[in-house]
Amino acid sequence: MYDLNAQQKKAVECKNDLLIVAGAGTGKTKTIVSKISYYIEQGLLLPHQVLATTFTNKAAQEMKHRIESNIGPHASLIAIGTFHKLCLKIVQDNEELLNMSKVQVLPYEDQLALLKSIVRHMQYKSLKPSHLLEVLQRAKEKDVFDNLTVDELNILDIYQNRLKSMNALDFADLLSKTILLWENYPSVLDRYREQYKLICVDEYQDINEAQHRWIKLLSCETNQLCCVGDPDQAIYSFRGSDIKYILQFNEEFVGSEKIVLEQNYRSTDKIISSSNSLIRYNRKRIEKNLLPSVFSDRYVDVFVGMNAKEEYKGICDIIAKDRLINPQSTIAILFRTASQINEIEESLISANIKYSIVGSIQLLDRAEVKDIISYVKFLANPADIISFSRLLQAPKRGIGEATMEKISLADGSTVKEKIINVKDKISSASYEKLLNLIGQLELWAESKDAFPLLMEKVVNESGLFESLDTNRKENIMRWLDSIGEFKDKDEYINYLLWSNIKSDDDNNVQLMTVHAAKGLEFDIVFLPGWEEGVFPHILARANIEEERRLAYVALTRAKSYAVVSYVQSRMQYGKYGSVIPSRFIKELGSQSVQFKSFRSKSMTGKKVFHDLFGYGIVEETGMRHAQVLFGNEKKIVELSSISECK
DNA sequence: GTTCATTCCGTTTTT
DNA sequence: CGGAATGAAC
């Protein structure tokens, strides 16, 4: 039966509500996939009676593929997706009841742009939009507005109204609208309850209040719930996720069972042993131990470098060496923060190592690409004033913020209507320019050209291309190349919304944040920047246990080799500052870890400093330790405990 | 109203 | 250091 171990098999066959506590690499996805496939193959359920939520769209895709390879093409009838995507479908199917039409989702950048324009106009200048957005989103997710200030409530009100006039929902609305629908229309809820006989929830440790309510509403006597998660991998509390839901599962769902998967099939014993050692430092946790199935002589390496340049070069050297021996191995470099990712690019380029950046960064985040995308969005939706205000500035047309603000405050649903209604309040020259532009946009919107060809025209005829420098022109060309496969603008917009950028080549070194690496695995994983303040991050002081879980997630991504590194001096804000190694390094234990230095030269004869013993001269250097003469006293100390002096 | 130069200021994670 | 806000000059 799908080649499962005893515990996994028990989970697959279980007919009650079930919580699977699945440690990293214990075959969590395999178990869900097997369970769904088993129910369908046994004729116990039809594909459309199964609903499965995943954490990312990528995970949904993967799950779909794997079920398909078990049961064949009718797997496509299973409802698999993120909460947000499933909710969007439900909202769209019930638009009349919710008093909406042609609903669209407002992506993050547009939410921010909208807030910015509200804040500026309302003279709440002291409030920072990005911070404000976070506060509002969190309040909406938790459905608790008590601790918002009067100003914030005021802004939220305007924000919601503006969303409504655009027929748009933000991410939090998707869930709350669905909950609203189910709570107000029990007959609708009953329909969903009857349809979905098996409900699977992946990454249950990272659900929030709204998602919890959603699950509670949908689950009932006549259907079966199967939740999978690992409390040690909860890393999204900043988004309102709460570990308490997984901890209380069995009390909450009466008659439910629990199965714990501890047998790890992913990583070597050395990686498992240091991961176990690390996570044991958390106090709030269910005792659980990963058991290795792969044994190896290769230790987890902890490297120290003098500075970031040496660290990144050291990483590149190791990669280059490995590429000669194992050209097929998958390699990732995982960072605590997204901004660290760009720092290593230079080293990778000069070492001639191909890489891909995974996440929302890259081409789509470049300003000029966002500009051209705002044209696409506006062509698809003439009421999209946010896209309009962006494309109005690309290229510059001599119409600025003041005019734009008047337009956005005017009556009318489409931008054209607004412009016509604001005619008297703006200069006649601006008015004429605006109408011309709208006219041109309408022509493009009605054009019968294929989408890529149309966009090429837009790029040229709008004057956008001409206004850019060479570098930016290249990015636009790359973007045009990338849209070749799309039939029309709607298909492309849909793609933008739901697909994480596919890494173009699995053989490239993958660069991403630890958060983005959740659920993935690689043969070799590099973890740079393990320093106090960076990882654990200085702003996460109050939540060290979550940072430690994050470190645990990072380490357990590695199959055969993990390299942790830190530096003695790191540049921040244009200045070098000295650095303390991350507490997580010593928490890896010493049993499965080797301490090394990126410095190729031996330290013999060098003057060094030790925290306890002070200054000394190195007499001999080993792999992990050095013999140092402190005054008259010879001591053996760990390489990581000494630093070289100039 | 727009553009360019100068000053200021902050450290995170994302469907 | 680098992005965002501010202010001065067309």
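Refer to the structure presented above.
Residues numbered from 1 in each chain as written. Chains lettered and ligands numbered in written order. Predicted model: local features only at pLDDT ≥ 70, side-chain atom pairs only at ≥ 80, totals over all residues. Heavy atoms only, no water.

Draft legend 1. Highlighting the overall build of chain A. Each helix and strand in chain A was counted, giving 26 helices and 22 strands. Long-range pairs, those at least 24 residues apart, make up 74% of the contacts in chain A between residues at least 6 apart in sequence. As displayed, chain A offers around 30600 Å² of accessible surface, 50% of which is attributable to carbon and sulfur atoms. Charge separation in chain A, taken as the distance between the mean sites of 83 positive and 86 negative side-chain charges, equals 3 Å. (Helix = DSSP H or I, 4+ residues; strand = E, 2+ residues; numbered from the N terminus. Contact = heavy atoms within 4.5 Å. Areas by Shrake-Rupley, 256 points an atom, 1.4 Å probe, with all protein chains shown as cover. Lys, Arg positive; Asp, Glu negative; His and termini not counted. Charge placed at Lys NZ, Arg CZ, Asp CG, Glu CD.)

Draft legend 2. The arrangement of helix H18 (residues 401-409) in detail. Those residues of H18 not exposed but buried are Thr403, Met404, Ile407 and Ser408. For H18, the angular spread of the buried residues around the axis is 135°, confining them to a single face. Opposite the buried face of H18, at more than 90 degrees from it, the exposed residues are Glu401 and Ala402. Where H18 is buried, its residues contact helix H17 (385-391), helix H19 (415-421) and helix H20 (428-446). (Buried < 20%, exposed > 50% of the residue type's maximum accessible area, 1.4 Å probe, protein only. Arc of directions from axis to C-beta.)

Draft legend 3. Region of interest: the protein's contact with DNA strand B. Taken together, 23 residues form the shell around DNA strand B, and within it His84, Arg336, Ile399, Gly400 and Tyr573 come nearest. Atoms of DNA strand B within 4 Å of the protein: sugar and phosphate make up 50%, bases the balance. The side chain of His515 places a nitrogen or oxygen atom 3.4 Å from a base oxygen of DNA strand B. Sort the elements by how many residues they give to the surface near DNA strand B and H18 lands first, with 3 residues. In the surface near DNA strand B, the residues fall into 9 nonpolar, 10 polar and 4 charged. (Near = heavy atom within 4 Å. Polar contact = N/O pair within 3.5 Å; in protein donor to acceptor, adjacent residues only side chain to side chain. Nonpolar A, V, L, I, M, F, W, Y, C, P; charged D, E, K, R; others polar.)

Draft legend 4. Structural view of the sheet that holds strand E7 (residues 224-229). Strand order across the open sheet formed by 6 strands is E3-E2-E6-E7-E1-E8, with parallel pairing between neighbours. Of all strands in the sheet, those with a lone pairing partner are strand E3 (79-82) and strand E8 (257-261), marking the two edges. With strand direction ignored, the average angle separating the axes of adjacent strands in the sheet is 15°. Direction of pairing for strand E1 (residues 18-22) relative to E7: parallel, over a ladder of 4 bridges. Residue pairing across strands places Leu18 opposite Cys226, the latter belonging to E7. Together, strand E2 (50-54), strand E6 (198-201) and E7 form the strand contacts of helix H10 (residues 209-218), whose direction differs from that of E2 by roughly 170°. (Pairing = 2+ DSSP bridges. Axes fitted to C-alpha atoms, helices over the stretch in contact; angles between N-to-C directions.)

Draft legend 5. Quick look at the environment of Arg162. You can see Arg162 is positioned in helix H7 (residues 150-165). Considered as a pair, Arg162 and Ile118 are 44 residues apart in the sequence and their alpha carbons are 9.4 Å apart.

Draft legend 6. Inspection of helix H15 (residues 339-350) at higher detail. Along H15, the residues that are buried comprise Gln340, Ile341, Ile344, Glu345, Ser347 and Leu348. The inward-facing, buried residues of H15 contact helix H14 (308-325), strand E10 (331-335), strand E11 (355-357) and strand E12 (509-513). Just beyond H15, the residue with positive phi is Asn352, at close to 65°.

Draft legend 7. View of the packing of H14 against H15. Contact geometry of H14 with H15 gives a least axis separation of 9 Å together with a crossing angle of 60°. When the axis of H14 is compared with that of H15, the two are oblique. As for the relative orientation of H14 and H15, their crossing is right-handed in sense. Counting all contacts with H14, which are made through Tyr312, Lys313 and Cys316, the residues of H15 involved are Gln340, Glu343, Ile344, Ser347 and Leu348. Its residues assigned to classes, the contact of H14 with H15 shows 4 nonpolar, 2 polar and 2 charged. (Parallel < 35°, antiparallel > 145°, perpendicular 65-115°, else oblique. Left-handed = near helix turned anticlockwise from the far one by under 90°.)

Draft legend 8. Expanded view of the pairing of strand E15 (residues 569-572). Bridge analysis of E15 against strand E16 (residues 575-578) gives 4 bridges, and the strand direction is antiparallel. The partner of Gln572 across the bridge, within E16, is Lys575. From the end of E15 to the start of E16, which pair antiparallel, there are 2 residues, and Tyr573 there has a positive phi angle of about 55°.

Draft legend 9. Geometry of the packing of aromatic side chains. By the definition in use, this model includes 17 aromatic pairs. A centroid spacing of 5.8 Å and a plane angle of 50° characterise the contact between Trp182 and Tyr192, whose relative ring orientation is tilted. One end of the pair, Trp182, is in helix H8 (residues 171-184); the other, Tyr192, is in helix H9 (residues 186-195), and 10 residues separate them in sequence. The class for Trp182 is buried, based on a relative accessible area of 2%. Arranged with centres 5.4 Å apart and planes meeting at 70°, the rings of Trp530 and Phe535 form a pair that is edge-to-face. Assigned by exposure class, Trp530 and Phe535 land together as buried. (Phe/Tyr/Trp six-rings, centres within 6.5 Å; stacked < 30°, edge-to-face > 60°.)

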